[in-house]
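Okay, here's what each chain looks like letter by letter:
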Amino acid sequence: MSSVDARFALGRGEFRLDAEFAAPGRGVTALFGQSGSGKTTLLRCIAGLERAPGGLLRVNGEIWQDESGFLPSHKRPLGYVFQDARLFPHLTVRRNLEFGWRRTPPAQRQVAFERAVAWMGLEKLLPREPQHLSGGEKQRVAIARALLTGPQLLIMDEPLAALDAAAKAEILPYLDRLHEELAIPVFYVSHAVEEVIRLADHVLLMDGGRVAA
């Protein structure tokens, strides 16, 4: 059975991450816990942005880190969606989406360009520039752009945290669709219980740098 298996130990000042878990290789795994519980640090270890010596990360049978090797972040086939969309301001929506898609070899593409556009409801937005988009629209573009890089794992670090209630209500149906149709594992960080209940198949409860449940 496909899965994501991880073990990380990392000390930094007074904070220590000591987390071990196995998560399904498909569907949404939510990382949930109070601020400072280690959610973002754990995500950074998964993404290769933090190096935990002696750690382990295996994604659906492929070793990204173990005692003998460490795959750098830029070589890990993952997509990362941040709180802020981080779109290229000088590029249209279409060109933002094409940026990663054209750099991904055809054999490694997980989602067709037209499908990602349809999933996120971006058809009418393709000619626009980011400054003419709402917050929810920008995040939909950021999610589609991450999908078009051909990720084997998608990380979403509080993607709705910067949005108001109306924008969250607008984007959640698109995340529902992604949840139902995407065939790769998704790690989703949120402080919002309602998001976790709605989207998650599996929950890692973080407390004091550990997976508490």
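To start, this report covers the structure provided alongside it. (Residues numbered from 1 in each chain as written. Predicted model: local features only at pLDDT ≥ 70, side-chain atom pairs only at ≥ 80, totals over all residues. Heavy atoms only, no water.)

**Brief notes about the sheet that holds strand S4 (residues 56-59)**
For step 1, the next point in the chain: The sheet built from five strands is open, its strands ordered S2-S1-S4-S5-S6 with antiparallel pairing. Both edges of this open sheet fall to strand S2 (15-24) and strand S6 (69-70), since each of them pairs with a single strand only.
For step 2, the next point in the chain: Here helix H1 (residues 39-47) sits on the sheet in contact with strand S1 (3-12), S2, S4 and strand S5 (62-66), set at roughly 65° to S2. (Pairing = 2+ DSSP bridges. Helix = DSSP H or I, 4+ residues; strand = E, 2+ residues; numbered from the N terminus. Contact = heavy atoms within 4.5 Å. Axes fitted to C-alpha atoms, helices over the stretch in contact; angles between N-to-C directions.)

**Concerning the pairing of strand S10 (residues 202-207)**
For step 1, the next point in the chain: Pairing geometry for strand S3 (residues 27-32) and S10, over four bridges, is parallel. Bridge assignment links alanine 30 to a residue of S10, and that residue is valine 203.
For step 2, the next point in the chain: Across two bridges, S10 lies against strand S11 (residues 210-211) in antiparallel orientation. Paired with aspartate 207 across the two strands is arginine 210, which belongs to S11.
For step 3, the next point in the chain: Hairpin connection from S10 to S11: two residues lie between these consecutive antiparallel strands, with glycine 208 at a positive phi of about 60°.

**Quick word on the side chain of glutamine 139**
For step 1, the next point in the chain: If you trace the backbone, glutamine 139 turns up in helix H4 (residues 135-147).
For step 2, the next point in the chain: Ignoring sequence-local partners within four residues, the contact set of glutamine 139 consists of Val81, Phe82, Gln83, Asp84, Ala85, Pro159, Leu163 and Ile171.

**Things to note about H1**
For step 1, the next point in the chain: Burial within H1 is extensive, with seven of its nine residues counted as buried.
For step 2, the next point in the chain: Listed as buried for H1 are Lys39, Thr41, Leu42, Leu43, Cys45, Ile46 and Ala47. (Buried < 20%, exposed > 50% of the residue type's maximum accessible area, 1.4 Å probe, protein only.)

**Observations concerning the sheet that holds S10**
For step 1, the next point in the chain: Overall, mixed pairing links the six strands, which are arranged S7-S8-S9-S3-S10-S11 in an open sheet. Two strands lie at the open edges of the sheet, namely strand S7 (78-81) and S11, each paired on one side alone.
For step 2, the next point in the chain: Packed onto the sheet, H4 meets S7 and strand S8 (153-157) and runs at close to 170° relative to S7.

**Here's the deal with helix H2 (residues 93-101)**
Side chains three or four residues apart in an α-helix point the same way, a direct result of the helix having 3.6 residues per turn.
For step 1, the next point in the chain: Listing the buried residues of H2 in full gives Val93, Asn96, Leu97, Glu98, Gly100 and Trp101.
For step 2, the next point in the chain: Looking at the buried residues of H2, the elements they touch are helix H3 (113-119) and H4.

**A word on the pattern of salt bridges**
For step 1, the next point in the chain: Scanning the model with the defined rule gives ten salt bridges in all.
For step 2, the next point in the chain: For glutamate 181, the salt bridge is made with arginine 115, and the minimal N-O distance between the two is 3.6 Å. Residue glutamate 181 is located in helix H5 (residues 165-181), and its partner arginine 115 is located in helix H3; the two are separated by 66 residues in the primary sequence.
For step 3, the next point in the chain: On the basis of relative accessibility, which here comes to 33%, the residue glutamate 181 falls in the partly exposed class.
For step 4, the next point in the chain: Salt bridges linked by common partners bring Arg94, Glu98 and Arg102 together as one network. (Salt bridge = Lys/Arg side-chain N within 4 Å of Asp/Glu carboxyl O.)

**Observations concerning the packing of H2 against H4**
Any two packed helices are characterised by the angle at which their axes cross and by the distance between the axes.
For step 1, the next point in the chain: Interhelical geometry of H2 versus H4 gives an angle of 25° and a closest axis separation of 7 Å. Put simply, H2 runs roughly parallel to H4. Crossing angle aside, the handedness with which H2 passes H4 is right-handed. Across the interface between the two elements, Val93, Asn96 and Leu97 of H2 pack against Val141, Ala144 and Arg145 of H4.
For step 2, the next point in the chain: Here the residues of the contact of H2 with H4 are counted per class, giving four nonpolar, one polar and one charged. (Parallel < 35°, antiparallel > 145°, perpendicular 65-115°, else oblique. Left-handed = near helix turned anticlockwise from the far one by under 90°. Nonpolar A, V, L, I, M, F, W, Y, C, P; charged D, E, K, R; others polar.)

**With respect to the nonpolar core**
For step 1, the next point in the chain: Counting residues in hydrophobic clusters, the biggest one holds 39 residues, and the most contacted among them are Leu97, Ile143, Leu154 and Leu182.
For step 2, the next point in the chain: Once you skip the residues sitting within four places of it in the chain, leucine 97 turns out to touch Phe113, Val117, Leu122, Leu126, Val141, Ala144, Arg145 and Leu148. (Core = buried A, V, L, I, M, F, W, Y, C linked by side-chain atoms within 4.5 Å.)

**Here we look at the packing of H4 against H5**
For step 1, the next point in the chain: Where H4 contacts H5, the axes come no closer than 9 Å and their chain directions differ by 20°. If you check the angle between H4 and H5, you find them roughly parallel. Crossing geometry of H4 relative to H5 is assigned as right-handed. Contacts between H4 and H5 involve Gly136, Glu137, Gln139, Arg140, Ile143 and Leu147 from the former and Ala167, Glu170, Ile171, Tyr174, Leu175 and Leu178 from the latter.
For step 2, the next point in the chain: Of the residues assigned to the contact of H4 with H5, the class counts are seven nonpolar, two polar and three charged.

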